[in-house]
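Read off the chains here:
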Amino acid sequence: MITNVGIVGAGQMGCGIAHVCALAGYKVTLYDLSAERIEAGLATINGNLARQVSNGKLSDEDRRATLSRIRGTGDVHDFASADLVIEAATEDESVKRKIFAQVCPVLKPEALLATNTSSLSITRLASATDRPERFMGIHFMNPVPVMKLVELVRGIATGEATFTKAKEFVASLDKTVTVAEDFPAFIVNRILLPMINEAIYTLYEGVGSVEAIDTAMKLGANHPMGPLQLADFIGLDTCLSIMQVLYDGLADSKYRPCPLLVKYVEAGWLGRKSGRGFYDYRGEVPVPTR
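Residues numbered from 1 in each chain as written. Predicted model: local features only at pLDDT ≥ 70, side-chain atom pairs only at ≥ 80, totals over all residues. Heavy atoms only, no water.

The protein is annotated in an unreviewed UniProt entry as 3-hydroxybutyryl-CoA dehydrogenase of Rhizobium rhizoryzae. Checking UniProt for the protein, the heading Sequence similarities (unreviewed entry) contains the comment "Belongs to the 3-hydroxyacyl-CoA dehydrogenase family." (UniProt positions renumbered as here; feature names shortened; annotations may be inferred.)

Trainee: So what exactly am I meant to see when it comes to the UniProt feature "site: Important for catalytic activity" (unreviewed entry) in the protein here?
Mentor: When the UniProt feature table is mapped onto this chain numbering, "site: Important for catalytic activity" (unreviewed entry) sits at His-139. Along the chain, His-139 turns up in strand S6 (residues 135–140). A relative accessible area of 5% places His-139 in the buried class. For His-139, the contacting residues outside a window of four places in its chain are Thr-115, Asn-116, Thr-117, Ser-118, Leu-149, Val-150, Glu-151, Phe-186 and Asn-189. At a separation of 2.8 Å, a polar atom in the side chain of His-139 contacts the side chain of Glu-151. (Helix = DSSP H or I, 4+ residues; strand = E, 2+ residues; numbered from the N terminus. Buried < 20%, exposed > 50% of the residue type's maximum accessible area, 1.4 Å probe, protein only. Contact = heavy atoms within 4.5 Å. Polar contact = N/O pair within 3.5 Å; in protein donor to acceptor, adjacent residues only side chain to side chain.)

Trainee: Even after reading the chapter, I still don't get unusual backbone geometry, so can you show me in this structure?
Mentor: Negative phi values dominate among residues other than glycine, just as trans dominates among peptide bonds. Backbone torsion omega between Asn-142 and Pro-143 reads 0 degrees, so that peptide bond is classified as cis. Looking at the secondary structure, you find Pro-143 in the loop between S6 and strand S7 (149–154). You will see that Ala-185, though not glycine, has its phi angle at about 70 degrees, which is positive. Inspection of the secondary structure assignment puts Ala-185 in the loop between strand S8 (176–180) and helix H7 (188–204). When its relative accessible area of 0% is taken as the criterion, Ala-185 is described as buried.

Trainee: Would you mind showing me how to read the packing of helix H9 (residues 227–234) against helix H10 (residues 236–250) here?
Mentor: Each pair of packed helices gets described by two things: the angle between the helix axes and the distance between those axes. Put simply, H9 and H10 touch, their axes get as near as 6 Å, and they point 100 degrees apart. Our classification of the angle between H9 and H10 gives roughly perpendicular. Contact with H9, carried on its side by Ala-231, Asp-232 and Ile-234, involves Leu-236, Thr-238 and Cys-239 of H10 and no other residues of that element. Tallied by class, the residues present in the contact of H9 with H10 amount to 4 nonpolar, 1 polar and 1 charged. (Axes fitted to C-alpha atoms, helices over the stretch in contact; angles between N-to-C directions. Parallel < 35°, antiparallel > 145°, perpendicular 65-115°, else oblique. Nonpolar A, V, L, I, M, F, W, Y, C, P; charged D, E, K, R; others polar.)

Trainee: Where do I start with the domain arrangement of the protein in this structure?
Mentor: Many structure descriptions define interface size as the accessible area lost when the parts assemble. Here the protein is described as being made up of domain 1 (4–181) and domain 2 (189–288). Taking only C-alpha atoms, the centre of domain 1 and the centre of domain 2 are 27 Å apart. Opposite the 8 residues of domain 1 that make contact, domain 2 presents 5 residues. When the buried surface of domain 1 facing domain 2 is broken down by residue, Glu-91, Ser-118 and Ser-119 rank first, second and third, together holding 55% of it. Linking domain 1 to domain 2 there are 0 salt bridges. At the surface where domain 1 touches domain 2, the tally comes to 1 residue pair in polar contact (both at pLDDT 80 or more). Residue composition of the side of domain 1 that touches domain 2, by class: 2 nonpolar, 5 polar and 1 charged. (Domains from an automatic or database assignment. Buried area = accessible area lost by both parts, 1.4 Å probe. Salt bridge = Lys/Arg side-chain N within 4 Å of Asp/Glu carboxyl O.)

Right under this line is the structure:
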């Protein structure tokens, strides 16, 4: 029975997962090394809940109750009572392995451990833990409170009981499950990221401007957001790391990251979070940078 959920990482994804878990009635422990990130994350959660109140989707009483179920911590030992811990740190395998090495000794023997990775091998990550049969991928979509889908990914060692519990847990959050096999980038990002990468190649080769490409895909393919705008929203560093995982894992030249994507990341132009990407967000209105 899952009642206490631990979350590693108070970034965009970790806070979104904390939001939906607490809203569904779970006690949430949100862990991050940075006290500032926890503070900023809790403020974001409060703001998002307040928006749900003003939209009439939530009562103010529910907002307060949801917030009361989340506690922030910088001490990994606070995961001792967790039934499930979800790692939502940066998309870097070495970082995730270090986290598992710190978290595993603290957990109850029966606790489940999950990763929110968007592309890395679940089997390989599980092997870095003391509980591969109780480990799996629970991949939420961004922004978590809005997006209905969760990809569930089993590693080679994931037990059936773990998979069943994960399915029930995701259903309790009012999310829809899709089951993906443990191949690089799973389903959503295996399809989405090469499309974004191709849009960047289209820009790189001068086929169209930023504005032309995004307008074409919004109005020509009925996408709610253009691919370059979406790349900025995801974070160009994340886009690059997922393309690199696809390229390395599947050894097919069609997954080669566009050199322009590499250049933007090297410049530190990572999209919305850094103020500049394919658009410049420092003014009143986003302006294309190419």
